[in-house]
Structure formats: C-alpha cells, structure tokens
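A look at the structure
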Amino acid sequence: MKRYIFLIAVFCLLVPGSKAFAQQTLFDEANSLLSEGNYQQAINMFQSIADDGHESGALWQNLGVAYTRLDSLGKAKYYFLKAEKFSETEQQAETALQFINNQFPRQSAVLPALPWIRFINFLSENIGLQAIAFAALFFLYLGIASKIGAWFRFDFKKTLNYVSYGSIIFSVVLLICSIVIQYQQNRYSTGVMIDREAPVYQRPEDNSTVISTAYEGYKMQVDKTESENQQSWKYIRLENGMYGWIRDGHIMTF
Amino acid sequence: MRRIGSSLAARFGFLSLILLLIPFGRITLAQQDFQLEATVSENKIFIGEQFNLRVEVSGSSMRDVSLPVVPDIEGIGLLSQMPSRSSSISIVNGRTTTSTTYSYGLIAREKGFFTIPPVTIEIDGQEYRTESIQVEVIEKGQLSSDGNRQLPEIFLEVEIDEQNPVPGQQIVASVQLYFKQGIEVTSFQPNAGWRTDGFWKEELQNIRQPQAESVILEGVRFRTATLIRYALFPTRSGELTLSEFPLNVGIRTQSARNDPFGSFFGSAGSQRRVTLESEPITIDVRDIPAAPNALSMNAVGDLSIERTLATDNVMVGETLELTTRVNGEGNIPLVRKPEYNFPDNLELYTPQESSNIERRGLTISGEKVFTELLAPRAPGDYEIPAERIAVFDPGSGNYEFVNLPALRYTVQPGGNVQNAVSYSDGSQIQPVTGLAVWHEATSESIFSRFWFWLLFVIPFVGLIVAIRKKRLLMKLSTDKEFARAHRAADLAHERLEYARSIVDEAAPKEIYNILHKALFGYLTDKFHLPEAGLSDQDLIQEVRKSEIEEAQQSQIKKMLDKCATISFAPSGDRTDYRSDIIRTEKLISELNEQL
C-alpha cells in the first residue's frame, strides 16, 4: 500500500513538473532565436507558450524585446506593460518602458487621475484584489470572534468590543475596496495603440466626427461594458481625458 | 390686393361698422397728432414667395420716432431686421405733415393662416402698437375657390435626380426658376443659408448663361431656367433634408398693353428685386451594404484604383514611397486612404493626399492620390500583401472589386546613423534568459469562487449560534422555572446513573427510591410543580392534563406505582432492576421529546 502511495505522489509531482519543463524548453528555444536575430520566429514561439495558457514576466518581457527589435514599438510597449505586473520583471520592464516611451514621436498629454481612482489603482497594483479580499475576511472573523468573546468574557468586555467594532468596520472598508477593484477590473482594461495613428470618433461610425487622433504607443482605458454591444469598436478614454470610439484593430488590450 | 391691419376686423359684424366710421381704415390715435398704420403687400401668399410689411407713421408734430419692432411670426421669415425707409412731407392749407414708411421683406415658409402680431413703435417716448394682420399662405398648385390650381407668378424649385441614393452616391440638385410670361429676369444671386447637412456639396460648372424654356404648368404657360447645379454626396444613411434654397432675383414686369400711361411715361414696366425660397426637400438615403472580405475606401462610383512603390530596393533608414491612385467618376472628395497591412518593421510617416476634381458636366470626376512614406527599420525581403478593394457601383447596386497585387521590396543593411543610435540606446533592453517563473493564466475572480463565500458566511453562522447561546444563558439565569425545566432531563439522567452505579450492592428499596426521584423530579421540573408535598396521584393528574401521549402516561403511572409498592414488597432480581432503570431512562427520553 505504502508503495502505491509513494508512486502516486511521485506521479503527481512529475506531471506538472514535466509540463513546466516543456514550456521552459520552448522559452529557451525562443530565446535562442531572439539572440540569433530571428525575431519573428521567436515571437511566434513565445506566443505559442502564451496560447497554451502559461504566462510569466520573462515571457512578456522577451516578447517586448522581440517587438522592440522589429521596431513595432506599440506592441513592445504592450508587452512591457504586461511584464511590469510581475515582480520578477518589474524593474526591467520599467527600464524598457522608459526607453520605448522616448522613441515615440508623439506623446499624449496626461490628465492626472482623480484621487479616489489613484487610491483604488494603488491598492490594486500594490496589494492586489485577492490579498485585500482575504484581509477583509480575516478582520471579519476577528471582529465577530471578539464580539462573541465580549458576550461571554465579561472581564474583557470593553476591550473586546473595541476590537470587534474596529475590525468589522475595517473589514467592511476592505470589502468595499475589493468590490470596487473587482468592478474596475471587470469594466475597464488597459489598451495600447499599436498602429501609427488612428482617428478617435465621437460615435462608433466611420462617418462620425473625429474628436482626436491616437498615435502609436498611446495608453488608454478601454470601457469593456460600453464596448460590448459595438462589434469591432472600443470605447476608450485617452490619457488626456478625452472619450471616444476607436476601431479595435488599432489597439491591444489586457 | 393691398390690405391694411384693420381690414380683417372689418369683416366681422359690429367691428366693421366701427371701421366704416374711420376714414380710409386708418388707426387714428385721436389724442395724438399722428397716425400709425401697418399694411401687407399681399395677404394671400405662396410658400417661398416674398411679400412686404409696411409700417407708416404720419403726423405734424412728431419729434422722436424709433424703429418699429417686428415680433417673430409663426410660419413666416423676416428677411432683414433693418427695414427700408422712405419719408415724405406735404403741406396742405399751411399744415405740414411728415410721413415715414418702414418696409420689411417677409417670406412665407409654411402653409396655413398666420397672424402678423402687432408691431411696436415708440413715438416721443410713448410706446404704440399697430393691429395684427392675418395672412394666408398657400401651396403651389393648391386649388382655388373656382377649382383652378394656383401658382405664383415666379417661384423657385430645387430638383434632384435621385430620391433614394446610398451614402457616397452623387445626386444632382438643380435650382430651377419658374416665371410667367411677361416677367423678365434681369439678374439672380444665391443667398447664403442653404443648409445641406449630411451632404458633401460641389457646385457644377456647366451653366454659363441660363436658357429659358417654355413649359405648361397647371394649364398656364411658364418659362423655366436652370440657374445652378450642385453635385451632392450623402455622407450617411437615413432621412436627410436640403433646406430652403434662398435666391435674390431681379425682375422686370412688362406693363399691360391697355395701360394708357405706360407708353406715355416711357415706362417699359416696373423693375424690382424679390427674394425667393424653394421648399425643403427630404431625401431618404439607403444603407450601403457591407463589403464582403474586402478593404473599404468609402469609394462609390466608376472608379479605378492602382498602387505602386516608387522603388523596390532601399537601404535601412531610407524611405519607400507607396502611392495609391484613385481616378474616375464618383465620390472622389470622400474617398478615404486605404488601411493596408504593412509588415511589422516599418515606420510610417503621416501620409499626404492630393486631389484634382473636375466639376464640368453633370458628374464629379477626377483623381485622388495618397502618398505614404515608409521607412524600413531592418534589412530583409518584405512584401506588402495583396489587397482587394471594394468600390460600390450605384448603377448595379453591387460592389465591384479591384485587386491590388502584392508589392515586394528588399531592404539592404545601411549605415543609417539614426537607426544605429536607436539600437545602441535600446541595447540596455535585454531579454530574460534562464529559468522563468511560470503562472497559469487565470481570469477567474475570487468573488466567483464558492469557498470564498463559504468562508464569508461561516462567521455569521457562528454569530447566530452565539446569540442563541447568550439568550439561553440569560434566560437560565433570570427565569428559575425555565432553568428547572431546562435542567430536568440532565438531573434525571444523573439520578439514573447513580441508580445504575448502586444496583449491585444497594437494597431494592433504595434503588427504586432513586428511580422514583428521577422520574418524579423530572416531571415536577417540567410542569413547574413543587417537589415537596406532592403525591404521586397529584402528579399523575397533572400528567393527564398535559399533552403527553396515553402510552407514556400509563408507563409513568406504572413506574411510579412500582416504585411505591417495591418499598413494601421487594421482588425481582438485579436484572429486573437494571431493566427498570433502562425503561425509566427510555421513558424520560421519550417524554423529553414531547415536553
């Protein structure tokens, strides 16, 4: 019996390990192609890893590097922005983005975000939705446990009541924050302009009034909910605060 | 046809009698030494026809007269806020009278009866108002009282050659002037204000000197001439409206042959300028079908398209010139630059476009050229893929397709300084090599996981349990009867346990005494009865009053009787005692479910 358990355990450890090994092998091969200057082939191989459902900061960083070599700076920016989300490649991606942003001939004016949006973005990027949701649960447990304790332990009643109310209020605040973050993530995504330029229209029609022009590398917020009913159009907010519609082929979103 | 403001009132009953008493139908302000009168040149006007509103102030002692204020008139447009003004002075029997007439040009826009509201004028600081005047606006061709269709002497129409075009299809709008025999048109001048929202408009240059032709309209001979032609291209589908076309026309009216004064004074007729407006036109623009599997340039008409590369061999950093040339008849001004799929490593500069439009004849033709400058960034052999461009042919209602072949070019390595600098700056961007940290891509939210909500609900369940427990403890400490009832079963079980522990050594009397205490005590606790001073009979009576089932009632009686009698006549062995303990225990459990 013990032998069977041992074999099953070994199997369970080896199967995911072999899969990880497969994507790492592909990744190494793509890196070799990249160093040999076969950029397009390297991109195809990196892309196949991503298509299999794997992701890593290094994968996005190297896709960004490959597109930089091909001078597709819009796509390069897109992948560096994705790599920036991973702690292991955050610093390298930031350096690359700094370089890439200087290469674009046109730079968008950036309208500062509202304070509460900055706060929500800070929580989302630095703490993360999952951590905030778990913290909300922790303080909810602490709050309720303290309240129950206050009912039965009269000697610590006052202290436990303080702890209870404080924890429950903090838990509710964290829960609200996590719901807002989830709403933001569900509704909005980040888009990067990958073509040289494209008009931004007032309405999702080619004959509509052009309210602005987006140039390669422009970062934008894409309203997924608003764009749902318009095939091949995206409703966007440019960094300069202007809202409008853009053909979805001009941008990549994450 | 001259009508004055008071003449309407003269039609009706009593007011007409009053008006008859007023010399010449004037509004006389008896207390003042002046007269104020508003009149219209016509009170039956065709849509688009001009007529005049005259305000006349006459008197002998006026010092300060303001401009009349004409209010907005429903269905009628005011051509200018500034009236034309004429003055005259007359001296009769030594009395000097000054007369000033303000004349406003009005144009009829809607059919129906309309009222020109009172005109306000300030004379010597005092405000006065004229009476309102009613006018009737009729449509061209409307039946008159004698059954004939009525048409004005001169009118304007905009005629279009296509009622249901598609976006981008050219339609020709001709401005057509109709006038009766005896009227001579000396000049014409289009006014600003023709709104063609939703259309691209180009004036066609085919009319040098309009030629009048004779036509019969509603049995009356008219002369007609096309004055101007426009090419219009709808830019969207739906109902689009061409507004009234305004035109100033200089006309000369020939005097009647039987006018004895016409020739005597040498006049060949009166000459004047009139403003005409055509009626607005609504055009229903159909949707254009989507082009299947082809690139769209918004091209409609008979157009040819070609694409060329200036050279097919360049060095890195040099530029390639890609030219797309569209020519033929159609919506040349509205044709958009095609969005080609270029290879990745190209830098595109802002494209240039130029057009040469020919406006002669009845169609717009010409050429539009898009020039794109492409700067390759890396050496190699490249291809701009073949494209299929859709051009909509309004004649057949289908798309014609123009196939543009693929264009190949070779980029040689070059010593382009800018490029080299670009790469050297970017050399700090190096790929990540070695073992990568892999994550599974997941888009599932924590809020969509079951276990999260389970973890969320658990503390609330705990809270509910704790609340119940707290209430129980509170009641136990404050309600003695409830506390007795609540602890009755536990106490009875303790007593039975004690009885079980002494069954091997104690006397039967003692064992059954404890059994009696357990059952008797349980029931008195449950029924909130005092334990002392209560007989078995009293208790059984209480039991009968309760909701305990018959079977259990008889078992209670039997057990209490056995406990009472065994003290006097012990019988049975230890096995019987044990079974009685178990039976009592079972009985209490059953009672506990009922009470």
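The present account deals with the structure reproduced in this document. Within each chain, residue numbers correspond to sequence positions counted from 1 in written order. Each chain gets a letter, beginning with A, and each ligand a number, beginning with 1, in the order they are written. The predicted origin of the model limits local features to residues at a pLDDT of at least 70 and limits the giving and counting of side-chain atom pairs to 80 or more, whereas totals for whole chains, interfaces and linings rest on all residues.

Let us look at the overall build of chain B. Strands here mean DSSP runs of E at least two residues long; helices mean DSSP runs of H or I at least four residues long; both are numbered from the N terminus. For chain B, the helix and strand inventory stands at nine helices and 35 strands. Expressed as a percentage of the 595 residues in chain B, the buried residues total 25%. In chain B, once contacts between residues fewer than 6 apart in sequence are set aside, the share between residues at least 24 apart is 71%. Counting other C-beta atoms within 10 Å of a residue's own tells you its class, since 20 or more makes it buried, 12 or fewer makes it exposed, and anything in between is partly exposed; those C-beta atoms are placed from the backbone. For every residue pair, C-beta atoms are placed from the backbone, and the pair is scored as a contact if these atoms sit within 7 Å.

Take helix H2 (residues 39–51) of chain A next. All names here are of chain A. Helix span, expected: 1.5 Å multiplied by one less than the number of residues in the helix. In a regular helix each residue adds 1.5 Å, so 13 residues correspond to 18 Å; H2 covers 18 Å between its end C-alpha atoms and thus fits that length. Tyr-39, Ala-42, Ile-43, Met-45, Phe-46 and Ile-49 are the residues of H2 that are buried. What you see down the axis of H2 is that its buried residues fit within an arc of 165 degrees, all on one side. Phi for Gly-53, located one or two positions after H2, is positive at around 95 degrees. Directions are taken from the helix axis to each C-beta atom, and the arc is the one they span.

All names here are of chain B. The three strands lie next to each other as E26-E34-E31, forming an open sheet whose pairing is mixed. The strands lining the two open edges of the sheet, one partner per strand, are strand E26 (313–315) and strand E31 (380–384). Strand-to-strand twist in this sheet, taken as the mean axis angle between neighbours without regard to direction, amounts to 30 degrees. DSSP calls a pair of strands paired once it identifies at least 2 bridges connecting them. Judged from the five bridges that link them, E31 and strand E34 (residues 407–412) form a sheet pairing that is antiparallel. Within E34, the position partnered with Tyr-382 by the bridge is Tyr-409. Note on geometry: axes are C-alpha line fits, over the in-contact stretch for helices, and angles between N-to-C directions span 0 to 180 degrees.

Attention now goes to the interface of chain B and chain A. Between chain B and chain A, the residue contacts involve 33 residues of the former and 38 residues of the latter. Top element by residues in the side of chain B that touches chain A is helix H4 (residues 450–478) of chain B. It accounts for eight residues. Only Asp, Glu, Lys and Arg are considered charged in this grouping, and only Ala, Val, Leu, Ile, Met, Phe, Trp, Tyr, Cys and Pro are considered nonpolar; every other residue, Gly among them, is considered polar. When the residues that make up the side of chain B that touches chain A are grouped by side-chain class, the tally is 18 nonpolar, eight polar and seven charged. Taken together, the two bridges between strand E1 (residues 54–55) of chain A and strand E35 (residues 439–440) of chain B define a ladder with antiparallel strand orientation. Across the sheet, the residue bridging to His54(A) is Glu440(B), located in E35(B).

All names here are of chain B. Following both chains from N to C, one finds helix H6 (residues 508–526) and helix H8 (residues 550–566) inclined at 145 degrees, their axes separated by 8 Å at the closest point. Crossing angle aside, the handedness with which H6 passes H8 is left-handed. Packed against H6, whose contacting residues are Pro-508, Lys-509, Tyr-512, Leu-515, His-516, Leu-519 and Phe-520, the element H8 presents Ile-556, Met-559, Leu-560, Cys-563 and Ile-566 at the interface. Class assignment of the residues belonging to the contact of H6 with H8 gives a composition of 10 nonpolar, one polar and one charged. Put simply, a crossing is left-handed when the front helix is turned counterclockwise from the back one by less than a right angle, and right-handed when it is turned clockwise.

This brings us to the nonpolar core. We define the nonpolar core as any set of buried residues of the types Ala, Val, Leu, Ile, Met, Phe, Trp, Tyr and Cys, connected via C-beta atoms lying within 7 Å of each other. If you look at the biggest cluster of nonpolar residues, it comprises 62 residues, and the most contacted ones within it are Leu53(B), Ile154(B), Leu156(B), Leu232(B) and Ala299(B). Looking at which element gives the most residues to this core, the answer is strand E16 (residues 171–180) of chain B, with six residues. Apart from the residues lying within four places of it in its own chain, the contact partners of Ala299(B) are Val326(B), Gly330(B), Asn331(B), Val335(B), Val391(B) and Phe392(B). Residues Ile49(A), Ala76(A), Ile194(A) and Ala436(B) belong to the second largest nonpolar core, which totals 46 residues.

Another aspect to go through is unusual backbone geometry. Phi at Ser232(A) takes a positive value of approximately 60 degrees, unusual for a residue other than glycine. Structurally, Ser232(A) is set in the loop between helix H9 (224–227) and strand E6 (233–238). Unlike most non-glycine residues, Asp124(B) shows phi in positive territory, near 50 degrees. Within the secondary structure, Asp124(B) is located in the loop between strand E10 (120–123) and strand E11 (126–129).

On to the environment of Ala564(B). Tracing the backbone through its elements, the reader meets Ala564(B) in helix H8. C-alpha of Ala564(B) to C-alpha of Lys509(B): the two residues are 55 residues apart in sequence and 9.1 Å apart in space.

The subject of this paragraph is the sheet that holds strand E12 (residues 133–138) of chain B. Residue and element names in this part refer to chain B. A sheet is described by the order of its strands in space; here three strands give the open sequence E4-E12-E9, paired in mixed fashion. Strands with a single pairing partner mark the edges of an open sheet, and in this sheet they are strand E4 (44–46) and strand E9 (112–116). On average, each strand axis in the sheet is inclined to that of its neighbour by 35 degrees, with strand direction left out of account. With five bridges connecting them, E9 and E12 associate as antiparallel partners. Residue Ile-116 lies in a different strand from E12, and its bridge partner there is Ile-133.

For a regular strand, side chains alternate in direction, first toward one face of the sheet and then toward the other. Residues and elements named next belong to chain B. As judged from the 10 bridges shared by strand E27 (residues 320–330) and strand E30 (residues 365–376), these two strands associate in the antiparallel manner. When the sheet's bridge partners are listed, Glu-321 is paired in E30 with Leu-373. Here strand E28 (residues 346–348) pairs with E30 via three bridges, running antiparallel. Across the sheet, Leu-348 pairs through a bridge with Leu-374, a residue of E30. Strand direction decides the pairing type here: strand E29 (residues 352–358) and E30, joined by seven bridges, are antiparallel. By the bridge assignment, Ser-354 is partnered in E30 with Val-369. Between E29 and the antiparallel strand that follows it, E30, lie six residues; Gly-361 among them carries a positive phi value of about 75 degrees.

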